[in-house]
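Coordinate inspection notes
Read off the chains here:
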Amino acid sequence: MSSDQWNAVALESQIRASSSNPVMVNDYAVALWRSASGQVNAWEDRCPHRGMRLSLGFVEGDQLRCIYHGWGYGTGGQCEVIPAHPGLTPPKTICATRHAVESRYGLIWANLASDPKAPLPDLGADDGWRAVRSIYLNAPVAEVRKAVLDDLADWDGILSDGEVVTLDLQDGTRLAAAFQPIDAGSTGIHFVARGAEAEPEGRHELARRVVQLRHRIEAN
């Protein structure tokens, strides 16, 4: 069983309506998809029929359709359509493996535990958060977290080391870095911001500084 932990897996703005996206968390493949009505879903990236990756499929309304044989799964995970047998009501036992997913602070979070109890990280008010940038590094999450903390310590602000690393800049902007452990040797970091610098011009500058941060970490 996966540990009861919420991991940021994408920026909210990255996952568009009617799209399916592959995501890895601790070497576990997830199909992250958003229905046409806007609901975000995180499922095991495996079709119950023949094991094809569901993230390779397509979204049709509020169904994720497998690319292999077109089987359609509703947002509850239940198979609803088998194109080769249009008159058949699929058995209730045919169901995709669903995981807990939440959208908050401009991020999409997933918890892969079978019975998640852990609370989401608390970044305060949920409104006003904007995507800055996601970056990816070929290093374990513990090393990446330390490197990010070391780098942000040189920025002009108050640094906090929690489940999500935050930096409160002098103008009142809060920058947050949420970590995605992809596998034993690679990590994603999703940056969001709230405040003056989260507006378009300031966000562009923050994104530039985040890219520079990545270059400095890679150089070391």
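All of the points below concern the structure found in this document. (Residues numbered from 1 in each chain as written. Predicted model: local features only at pLDDT ≥ 70, side-chain atom pairs only at ≥ 80, totals over all residues. Heavy atoms only, no water.)

Thoughts on the overall build of the protein chain
Spelled out, the test is: Strands here mean DSSP runs of E at least two residues long; helices mean DSSP runs of H or I at least four residues long; both are numbered from the N terminus. The atom set for the radius of gyration is the C-alpha atoms, and the globule formula is 2.2 Å times the number of residues raised to the power 0.38. Think of it in three bands: residues with accessible area under 20% of the maximum for their type are buried, residues over 50% are exposed, and the middle band is partly exposed, with areas taken using a 1.4 Å probe on protein chains only. In this description, contact between two residues means that some pair of their heavy atoms is separated by no more than 4.5 Å. A residue counts as positive if it is Lys or Arg and as negative if it is Asp or Glu; His and the chain ends are not included. Positions of charges follow a simple convention, taking NZ of Lys, CZ of Arg, CG of Asp or CD of Glu.
A count of helical and extended segments in the protein chain gives two helices and 15 strands. Here the protein chain has a C-alpha radius of gyration of 19 Å; the compact-globule value for 220 residues is 17 Å, and the two agree. Within the protein chain, buried positions represent 46% of all 220 residues. By sequence separation, contacts in the protein chain at least 24 residues apart represent 50% of the contacts at least 6 residues apart. Averaging the positions of the 21 positive and the 28 negative side-chain charges in the protein chain gives two centres separated by 5 Å.

Regarding the sheet that holds strand S5 (residues 58–60)
Consider a sheet: its strands pair through backbone hydrogen bonds, and that pairing is either parallel or antiparallel. Threshold: The rule for pairing is simple: two strands pair if DSSP sees at least two bridges between them. Helix axes are fitted to C-alpha atoms over the stretch in contact, other axes to C-alpha atoms as well, and angles between N-to-C directions run from 0 to 180 degrees.
Read from one edge to the other, the open sheet built from four strands follows the order S5-S6-S7-S8, with strand pairing classed as antiparallel. Looking at strand neighbours, the two that pair on one side only are S5 and strand S8 (79–81), the edges of this open sheet. Sheet twist, expressed as the mean angle between neighbouring strand axes with direction ignored, is 40°.

Points about the sheet that holds strand S11 (residues 130–137)
Strand order across the open sheet formed by five strands is S11-S15-S14-S13-S12, with antiparallel pairing between neighbours. Each edge of the sheet is formed by a strand with only one pairing partner; in this case those strands are S11 and strand S12 (157–160). Taking the axes of each pair of neighbouring strands and ignoring which way they run, one obtains an average angle of 20° across the sheet. Relative to strand S14 (residues 174–183), strand S13 (residues 165–169) runs antiparallel, the two being bridged by four bridges. Across the sheet, residue Val 165 finds its bridge partner in S14, namely Ala 177. Sheet contacts for helix H1 (residues 141–152): S11, S12, S13, S14 and strand S15 (186–194); angle to S14, the most-contacted strand, approximately 160°.

Topic: the packing of aromatic side chains
Where we set the bar: What counts as a ring pair is set by centres within 6.5 Å for rings of Phe, Tyr and Trp (its six-membered ring), and what kind of pair is set by the plane angle: stacked under 30 degrees, edge-to-face over 60, tilted for all other angles.
The tally for this structure, following the rule as stated, stands at three aromatic pairs. Their ring planes at 85° and their centres at 6.4 Å tell us that Trp 43 and Tyr 73 sit as a pair that is edge-to-face. In this pair, Trp 43 is assigned in strand S4 (residues 40–44) and Tyr 73 in strand S7 (residues 72–74), connecting sequence segments 30 residues apart. Taking the relative accessible area as the measure of exposure, Trp 43 reaches 1% and is therefore buried. Ring plane angle 75° and centroid distance 6.0 Å describe the contact between Tyr 105 and Trp 129, whose orientation is recorded as edge-to-face. A residue pair is termed long-range when its members are at least 10 positions apart, and Tyr 105 in the loop between strand S9 (98–104) and strand S10 (107–111) and Trp 129 in the loop between S10 and S11 qualify at 24 residues. Under the relative-accessibility criterion, Tyr 105 is labelled buried at 2%. Taken together, the ring pairs connect Trp 33, Trp 43 and Tyr 73 into an aromatic cluster.

A short note on the side chain of Thr 166
On the secondary structure map, Thr 166 appears in strand S13. Taking the relative accessible area as the measure of exposure, Thr 166 reaches 5% and is therefore buried.

With respect to the nonpolar core
The criterion, for reference: Working definition of a nonpolar core: buried Ala, Val, Leu, Ile, Met, Phe, Trp, Tyr and Cys residues. They are joined through side-chain atoms within 4.5 Å.
Formed by 24 residues in total, the largest nonpolar core has its most connected members in Val 132, Val 148, Trp 155, Leu 175, Ile 189 and Phe 191. The greatest single-element share of this core, amounting to five residues, is contributed by helix H2 (residues 200–219). Those residues within four positions of Leu 175 in sequence are excluded, and the remaining contacts are Val 132, Trp 155, Val 165, Thr 166, Leu 167, Phe 191, Val 192, Ala 193 and Leu 206. Judged by nonpolar contacts, the second largest core, of 14 residues, contains Leu 54, Cys 79, Ile 82 and Ala 96.

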